[in-house]
Amino acid sequence: MTDKRRSIHGSWSSRLAFVLAATGSAVGLGNIWKFPYITGEHGGGAFVIVYLVCIAIIGIPIMMAEVMLGRRGRQSPINTMLTLAREAGADARWSWLGWSGVAAGFLILSYYSVIAGWALAYVFRAMSGTFSGATAEGVSSVFEQLTGDPERLLAWHTIFMVMTMMVVARGVRGGLEQAVRFLVPALFVLLLLLDGYAMASGAFDQGLKFLFTPDFTRIDANGVLIAMGHAFFTLSLGMGAIMVYGSYLPERASIAKTSIIIAVLDTVVALLAGMAIFPIVFANGLEPGAGPGLIFQTLPIAFGHMTGGLVFGTLFFVLLVFAAWTSSISLIEPAVAWLVENRGVTRVHASMYAGITAWAFGLLSILSFNRWADFKPLSFIPIFADATVFKLLDYLTANIMLPLGGLCIAIFSVWVMKRDDSLQELDIGDGAGYRLWYTLVRYVTPVAVIIVFLNVTGLVDFSGLLGLAE
Ligand code: TRP
């Protein structure tokens, strides 16, 4: 019976199309904007190591689990969880996992679109030669002018959200597959070019050393949670995005192989971005912990000084927008699929409802960068002393909701679902590969997530044991 379940939303044209779409979802602002700045804020090398370990032992197994559940359920995450829970004789409340994913998707998209709006604005700044010969101060003031102006941010945010709604409205195959086919290779080429520039910047060694020499006294419990949260964020895990993409995956495509390919591509993009950015940071005496503006305050310096910088700079921000675009659509796809399934609306209407909801939440982030810049609602908690609403939204979603979602996905896949079912769906045989996945998802992932959570709350203190900073 399960073999005959089909998605009412259509399916990818091939396994390659799925890889491209999932890679498009994974590779985004998380890799190029977020990874460098959080690495900078948390001391570099040690943070990178924790992040890489999380990708390997948590990210890849959870990605396989999400794709597996999606392909078996063949519906929106909410209905997939409901169907699979019934099939396993478990509580229908497992569908709440789908709901919390929908909520996380709205919240993430709300600020993701604001940052993508910055990238859009920068396409035009780069194109008009704003950065030619620019100094670090000049570039910073361009950035501050943009983020200080709520109307301008709102305009770009609105444009990006409309772009997102348009693609989602067109459905699974329309346009998206083509876009990603071009995007990922082009992004690689441009990042390599930037790395080439960084190599000549005079501080390449220092940049590499910062990224790859771990000093565990520079990362604390909160930094470990942020590294783990980012592993979920960058791979689009823990909220059903990859699950819903998996529900469109043709039978007989290897879930293990595709998951590994996606995770490797995603990681390479992030590392290439870091290797381009930190040398420029150090060569110009900038602050690695500058925060969310980091790439917007460093890369333009490179573009302002290299030959062909006008063209490459423009192209870079265009690609960044595309990377964000192929990610943002996956953030509302779970909600859209559910609206179509349960409310009987068309995809076009569903995309509009979902997009407008996320757009409205976006106003919170926009104001965080200007009018509300001094509004720190949770400043009584030490780790949130400096956190604006934007930062809290990011923290809540990436570091709490996604890992919790991942934990539930892990528990469901191996403690609730029948072993025979996951074995059949993953289709990697009963050998070492399957057993490794099973062990990781059954024990390693849940234990790791719980330890990191407990450690950050201070209820249990593992920091000394791990040699971390206090
Ligand atoms: N992975 C994307 C990035 O790194 C962001 C993203 C898209 C995402 N879909 C998601 C994050 C689902 C969490 C969950 O930019």
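Each value, and the rule that gives it
- For every chain, the first residue of the written sequence is number 1, and numbering continues from 1 along that sequence.
- In view of the model being predicted, local features appear only for residues whose pLDDT reaches at least 70, and side-chain atom pairs are presented and counted only at 80 or more, with totals across whole chains, interfaces and linings using the full set of residues.
- Each side-chain value is worked out from all heavy atoms of the structure, with water and hydrogens disregarded.
- Cavity means a closed set of points on a 1 Å grid over the protein atoms alone, one where a 1.4 Å probe fits but cannot get out, pocket means an open set with protein on both sides within 12 Å along at least 5 of 7 lines, and lining means a residue has an atom within 4 Å of a point.
- Grid points are joined across faces, edges and corners, and a volume is the space filled by probe spheres set on the points.
- Charged means Asp, Glu, Lys or Arg here, nonpolar means Ala, Val, Leu, Ile, Met, Phe, Trp, Tyr, Cys or Pro, and polar covers whatever is left, Gly included.
- By definition, any uninterrupted DSSP run of H or I lasting at least four residues is a helix, any uninterrupted run of E lasting at least two residues is a strand, and each is numbered from the N terminus.
- One fewer than the residue count of a helix, multiplied by 1.5 Å, yields its expected span.
- To get the bend at any residue, fit one axis to the seven residues that end at it and another to the seven that begin at it, then take the angle between the two axes.
- Summary of the burial criterion: residues with accessible area below 20% of their type's maximum are buried, those above 50% are exposed, and those between are partly exposed, where the area comes from a 1.4 Å probe applied to protein chains only.
- Contact criterion: two residues are considered in contact whenever any of their non-hydrogen atoms come within 4.5 Å of each other.
- Any residue with a heavy atom positioned within 4 Å of a molecule or strand is treated as near that molecule or strand.
- The definition of a polar contact used here is a pair of N or O atoms within 3.5 Å, where within protein one atom must be able to donate a hydrogen and the other to accept one, and adjacent residues in sequence count solely through side-chain atom pairs.
- All accessible areas in this document rest on Shrake-Rupley with a 1.4 Å probe, and a residue is counted as covered only by the protein chains that are shown.
- By salt bridge we mean one thing: a side-chain nitrogen of Lys or Arg within 4 Å of a carboxyl oxygen of Asp or Glu.

## Here we look at empty space enclosed by the protein
Any space left empty among the atoms is revealed by the rolling of a water-sized probe across them.
1) Next: As enumerated under the stated definition, the model contains 4 cavities of 30 Å³ or more in all.
2) Next: Lining the largest cavity are 14 residues, and of these Ser25, Ile108, Phe233, Ser236 and Leu331 sit closest to its centre.
3) Next: Of the residues in the lining of the largest cavity, the class split is 8 nonpolar, 6 polar and no charged.

## What to know about helix α15 (residues 347-368)
1) Next: Between its first and last C-alpha atoms α15 spans 32 Å; for 22 residues at 1.5 Å apiece the expected length is 32 Å, and the two agree.
2) Next: Along its length, α15 reaches its greatest deviation from straightness, about 25°, at phenylalanine 361.
3) Next: Taken together, the buried positions of α15 are occupied by Arg347, Ala350, Ser351, Ala354, Gly355, Ala358, Gly362, Ser365, Ile366 and Ser368.
4) Next: Each element contacted by the buried residues of α15 is listed here: α5 (95-127), α7 (150-170), α14 (309-343) and α16 (389-416).

## Some points on the site of the ligand
1) Next: Close to the ligand lie 17 residues, the nearest being Gly30, Tyr112, Phe233, Ser236 and Ser330.
2) Next: Taking serine 25, its main chain carries an N or O atom lying 3.1 Å from a nitrogen atom of the ligand.
3) Next: Take glycine 30: an N or O atom from its main chain is 2.7 Å from an oxygen atom of the ligand.
4) Next: When the free accessible area of the ligand is taken as 360 Å², the share hidden by the protein chains comes to 100%.
5) Next: Here the residues of the shell around the ligand are counted per class, giving 9 nonpolar, 8 polar and no charged.

## Describing the side chain of threonine 314
1) Next: Looking at the element boundaries, threonine 314 is found in helix α14.
2) Next: Owing to a relative accessible area of 13%, threonine 314 belongs among the buried residues under this scheme.
3) Next: Look past the residues within four positions of threonine 314 in its chain and what remains in contact with it is Val123, Ala126, Met127 and Gly309.

## What to know about the environment of serine 328
1) Next: Within the secondary structure layout, serine 328 lies in helix α14.
2) Next: Placed 127 residues apart in sequence, serine 328 and asparagine 455 show a C-alpha to C-alpha distance of 31 Å.
3) Next: In this structure serine 328 touches Leu109, Tyr112, Phe160 and Thr164, once residues within four positions along its chain are discounted.

## Quick notes on the pattern of salt bridges
1) Next: By the definition in use, this model includes 13 salt bridges.
2) Next: Ionic pairing is found between glutamate 425 and arginine 71, a salt bridge with its closest N-O pair at 2.9 Å. Of the two residues, glutamate 425 is situated in helix α17 (residues 419-426) and arginine 71 in helix α3 (residues 45-73); the sequence distance between them amounts to 354 residues.
3) Next: Accessibility expressed as a relative area gives 7% for glutamate 425, which makes it buried.

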